[in-house]
Structures are given as C-alpha cells and as structure tokens.
Amino acid sequence: MEILADGAHGCKFDGTRVQFLAKMCKPPYKWHRIRDLGSAIPRRVMEERFEAAKVIARQAGALARDRYGQLTAPTADSAGADRPSDDVSQAVELFAIEKIRALFPRDSAYGEEFGGVLGDPLWVIDPIDGAVNFGRRLPYYCISIAVVSAGVTEIGVVYDPTSDELFAARRG
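Residues numbered from 1 in each chain as written. Predicted model: local features only at pLDDT ≥ 70, side-chain atom pairs only at ≥ 80, totals over all residues. Heavy atoms only, no water.

Below, the discussion takes up the pattern of salt bridges. Following the criterion strictly, the structure yields six salt bridges and no others. Two residues, Asp 164 and Arg 58, come together in a salt bridge whose shortest N-O distance is 3.0 Å. Residue Asp 164 is found in the loop between strand S9 (152–160) and strand S10 (165–170), and its partner Arg 58 is found in helix H1 (residues 43–70); the two are separated by 106 residues along the sequence. The exposure class assigned to Asp 164 is partly exposed, which follows from its relative accessible area of 46%. Close ionic contact of Arg 171 with Glu 154 constitutes a salt bridge, the shortest N to O distance being 3.0 Å. Of the two residues, Arg 171 is situated in the segment after S10 and Glu 154 in strand S9; the sequence distance between them amounts to 17 residues. Looking at Glu 154, the relative accessible area reads 7%, which means it is buried. (Salt bridge = Lys/Arg side-chain N within 4 Å of Asp/Glu carboxyl O. Helix = DSSP H or I, 4+ residues; strand = E, 2+ residues; numbered from the N terminus. Buried < 20%, exposed > 50% of the residue type's maximum accessible area, 1.4 Å probe, protein only.)

To continue, consider the pairing of S10. Sheet analysis places S9 next to S10, joined by six bridges and oriented antiparallel. Pairing of Val 158 across the sheet is with Phe 167, part of S10. (Pairing = 2+ DSSP bridges.)

This is the structure in structure tokens:
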C-alpha cells in the first residue's frame, strides 16, 4: 500500500483527505512518500496504546495546567511569535513524545510543534489544542492525542486539564 503524507500537516492518506485533530490542510501541498504501513495492529496491542494514551494525556495535561498557573497576564503585544503558550506547547509535546518512545520505541510520533516521523502506528499529538485561549489565560484548552494505524484512526483521546475531564474512544 502506498501512503502519501503532507510533511507539514500529516493529513493525507491513500488519496483521501482526513483531518487530524481538527487541522485543515492548506495549499501548497507538499506530499512525500513514506514507508508501507502494512496491516492494522492487533486489538490486544492497540488496547495497550489506548490505556497509555489516556495516561499520557493526563500527565501532559498536568504539566500544561502547572505551566498555565505560572503564566503572566497577557499584554497587548503578546500575539507575537514568542507567546508563552508556544513554550508550554513545545514542552508538553516533548513530554508526550518522550513517554510514547519510552513505552513504544517502534511507534512513530507526529506533533504540531516539531513534526516527526510518519510510520505505523502513528501517534498524532496536539499538545495545547486551544493555544490562543491558553496564551490569553482563558481556561478553554485541551491535550489531544490520536493513534493511527494503516491510515485509520484507531484511538482518540482529549483531556481537558481545567475540568479534569477525559474523553477517549477507540475503533472497534
């Protein structure tokens, strides 16, 4: 099976567009061929990833919540490229990727901040979904993690650290 992926957004597989964590692909598209993803992962193995995704989302959320409490009040020029939320988003993404690599060293990870290597299974991470709210000190943000195998989203986890609510789903 030949898989195509956008190097900047990771949102095209098998000639059909899919949204990863509510991210829209925008032109110009830069499609790169990546390795064959083969068959889907067995249910037992995916169950381990499902449980891990929930734990990682909660731990990453705790990190984001701690950093949120340390943010200073936004200023008129805080909309620039060096927003405090960018630093937190990068730290949360690195934290999540380190946890994933420690638990599943053969899995690939792709994050909003740093990109990553596309493979199978693929963990897709939006470390601070709602970064503008986060940067403005509005408590409406979450940690979003998905696991994709053979071009199919198998797991989706969204954790809201402010209300301590976890939403998790898996295929099947």
